[in-house]
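Remarks on the overall topology
Spelled out, the chains give:
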Amino acid sequence: MGKGKFPTDHPLGQGTRLAIAGRDPEYTGAVVNPPVWRASTHLYADTAALKDGTRHNEDGRFFYGRRGAPTQWALSDALTALEPGAEGTVLYPSGVAAIAGALMAVLSPGDVLLVTDNAYEPTRNMATGLLKRFGVQTRFVDPLDGAAFEASICSATKAVLLESPGSLTMEVQDIPALTAIARQHGVISIIDNTWATPLGFPALERGCDIAIMSLTKHVGGHSDLMMGSAAARGDLYRTLRQTAQALGHVVSPDDASLALRSLRTMGLRLDRSTHSALAIASWLKGRAEVAHVLCPLLPGAPGHELWTRDFTGGCGLFSFVIKGRSAAARSQLIDALQLFGIGYSWGGYESLAIPFDPAGNRSATPWPPSGWDTGDRYGIRLSIGLEDPADLICDLATGFAAMEQADMEQE
Ligand SMILES: *Cc1c(COP(=O)(O)O)cnc(C)c1O
């Protein structure tokens with residue numbers, strides 16, 4: 001087995017690929033997992049070897065800790081092996097750092113960046129704050145309108161940042177169509193693929209040039225580490241790598257080791273949480289208190305058809321919108337939950353719930369969307385973990401009862 005590559009004589013299943021990805025004996029030695037190489041300094045045999053070391057800048061060649069060591073290389077090789085079409089994968093200290101690193105790698109002052117209106121809030125803030133300060137203009141676009149997307153491309157447009165399904169509101173975009181338009185205009189397509197991972201959406205195969213993940217979510221999977229990644233084809237990979245080195249991006253070998261360990265079970269965890277999420281979403285759809293279930297896994301829900309066409313898997317993250325109640329009523333529901341934690345992030349083994357109000361974070365599309373009752377606007381996002389779905393459903397039923405009770409006491 002070469003570096004992170006698979007035997008090519010027959011296609012391997014997902015479980016097999018996850019079990020063998022990146023297990024290069026050069027990094028692992030005679031044990032199964034690569035040891036944690038805690039290293040800044042690499043010692044050379046003599047001054048000639050030291051001088052020779054500066055001549056090569058490539059993965060797998062020890063130089064100095066900022067360029068990584070075998071533990072980090074094993075993780076990036078594994079991620080590359082799982083992303084069809086990728087030349088390599090750069091690791092970053094967080095998902096946000098991966099987004100910043102990829103954008104700074106491809107954008108220059110005077111360029112225009114397109115961002116889908118459903119983007120993760122820190123992505124939006126990065127575009128309107130940091131990137132603006134460096135002379136990059138951002139236009140936000142309706143994630144579901146291909147014609148408007150094409151019309152918003154101008155001669156200065158350099159890149160588009162897609163996110164599908166969108167953060168909180170879960171819009172599924174027609175990525176093959178949007179990336180084809182982008183390519184025709186010479187625009188680089190970057191996707192935040194944290195939700196699906198390459199197991200559920202092979203982004204480069206679907207037309208994207210750079211695929212970003214917050215490894216904090218599904219790859220970490222246990223709510224105990226922060227990391228990000230960006231995978232790309234040949235030239236773009238080299239640009240990402242150079243920029244990450246210039247910015248001093250480096251991840252700890254301890255975190256890389258944890259992430260690699262969790263990666264081996266990611267397929268099992270995603271399958272389990274996808275099944276549970278579908279069961280819970282179906283149950284929510286039948287509740288009178290719920291106006292909309294925003295879960296592409298659910299037949300009939302927005303984005304389900306595109307999800308079925310383009311995705312090979314899902315995960316446990318989805319949202320629902322309460323019918324006509326106040327934000328206070330929604331808080332009663334969430335505060336009554338016993339099994340769901342209240343907190344940011346997602347993709348861990350434990351379930352989480354947070355309230356969301358995207359209205360203030362949109363500029364190209366309205367919230368609530370046109371066609372909805374204006375009173376139906378308060379959302380709850382659930383991250384479904386590995387608990388038994390029947391227990392989670394019971395917990396949500398308790399939450400709905402608490403919301404009713406609070407309403408009756410008010411009257
Ligand atoms: C959490 C998240 C990020 C940021 O990841 P961090 O590792 O928390 O910095 C980026 N994109 C999406 C869609 C996320 O949910």
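Structure: see above.
Here goes a summary of the coordinates provided. (Residues numbered from 1 in each chain as written. Predicted model: local features only at pLDDT ≥ 70, side-chain atom pairs only at ≥ 80, totals over all residues. Heavy atoms only, no water.)

This paragraph deals with the site of the ligand. Taken together, 15 residues lie near the ligand, and Gly-95, Asp-192, Ser-214, Thr-216 and Lys-217 sit nearest. Contact distances for the ligand include 2.6 Å between a nitrogen atom and a side-chain N or O atom of Asp-192. Here an oxygen atom of the ligand and a side-chain polar atom of Trp-346 are 2.9 Å apart. For the ligand, whose accessible area on its own is 380 Å², the fraction buried by protein is 92%. Under a 2 Å grid-point criterion requiring more than half of the atoms, the pocket assigned to the ligand is the largest pocket. It is helix H5 (residues 95-106) that contributes the most residues to the shell around the ligand, three residues altogether. (Near = heavy atom within 4 Å. Polar contact = N/O pair within 3.5 Å; in protein donor to acceptor, adjacent residues only side chain to side chain. Areas by Shrake-Rupley, 256 points an atom, 1.4 Å probe, with all protein chains shown as cover. 1 Å grid on protein atoms, 1.4 Å probe; cavity = no way out; pocket = protein on both sides within 12 Å on 5 of 7 lines; lining within 4 Å. Sits in = over half its atoms within 2 Å of the grid points. Helix = DSSP H or I, 4+ residues; strand = E, 2+ residues; numbered from the N terminus.)

Another point: the layout of surface pockets. The volume enclosed by the largest pocket comes to roughly 710 Å³. Along its surface, the largest pocket is lined by 36 residues, and Tyr-120, Glu-121, Pro-122, Ser-167 and Arg-381 are the ones closest to its centre. When residues of the lining of the largest pocket are traced back to their parent elements, those giving at least two are H5, helix H6 (121-133), strand E6 (210-214) and strand E10 (352-356). Residue composition of the lining of the largest pocket, by class: 17 nonpolar, 11 polar and eight charged. Taken domain by domain, the lining of the largest pocket gets at least three of its residues from each of domain 1 (14-263) and domain 2 (266-410). Empty space within the second largest pocket amounts to approximately 510 Å³. Around the second largest pocket, the lining is made up of 28 residues, and of these Leu-144, Glu-171, Pro-302, Pro-369 and Trp-372 lie nearest the centre. The element that contributes the greatest number of residues to the lining of the second largest pocket is strand E8 (residues 290-294), accounting for five residues. When the residues that make up the lining of the second largest pocket are grouped by side-chain class, the tally is 18 nonpolar, six polar and four charged. In terms of domain composition, the lining of the second largest pocket takes at least three residues from each of domain 1 (14-263) and domain 2 (266-410). (Points joined across faces, edges and corners; volume = space filled by probe spheres on them. Nonpolar A, V, L, I, M, F, W, Y, C, P; charged D, E, K, R; others polar. Domains from an automatic or database assignment.)

Core analysis: the biggest nonpolar cluster contains 88 residues, and Trp-195, Phe-318 and Leu-382 have the highest contact counts within it. With seven residues, helix H4 (residues 70-82) is the largest single contributor of residues to this core. Excluding anything up to four places from it in sequence, Phe-318 contacts Met-170, Ala-277, Ile-280, Ala-281, Leu-284, Val-293, Leu-294, Cys-295, Ile-380, Arg-381, Leu-382 and Ile-384. Judged by nonpolar contacts, the second largest core, of 31 residues, contains Tyr-92, Ala-97, Ala-100 and Leu-107. (Core = buried A, V, L, I, M, F, W, Y, C linked by side-chain atoms within 4.5 Å. Buried < 20%, exposed > 50% of the residue type's maximum accessible area, 1.4 Å probe, protein only. Contact = heavy atoms within 4.5 Å.)

The element E6 is extensively covered by neighbouring structure, given that five of its five residues are classed as buried. Where burial is concerned, the two faces of E6 agree: the one with Ile-210, Ile-212 and Ser-214 and the one with Ala-211 and Met-213 are both buried. Note: E6 against strand E7 (residues 228-232), five bridges, orientation antiparallel. Note that in E7 the partner of Ile-212 across the bridge is Ala-230. (Pairing = 2+ DSSP bridges.)

Honestly, it's all geometry; don't read function into it.
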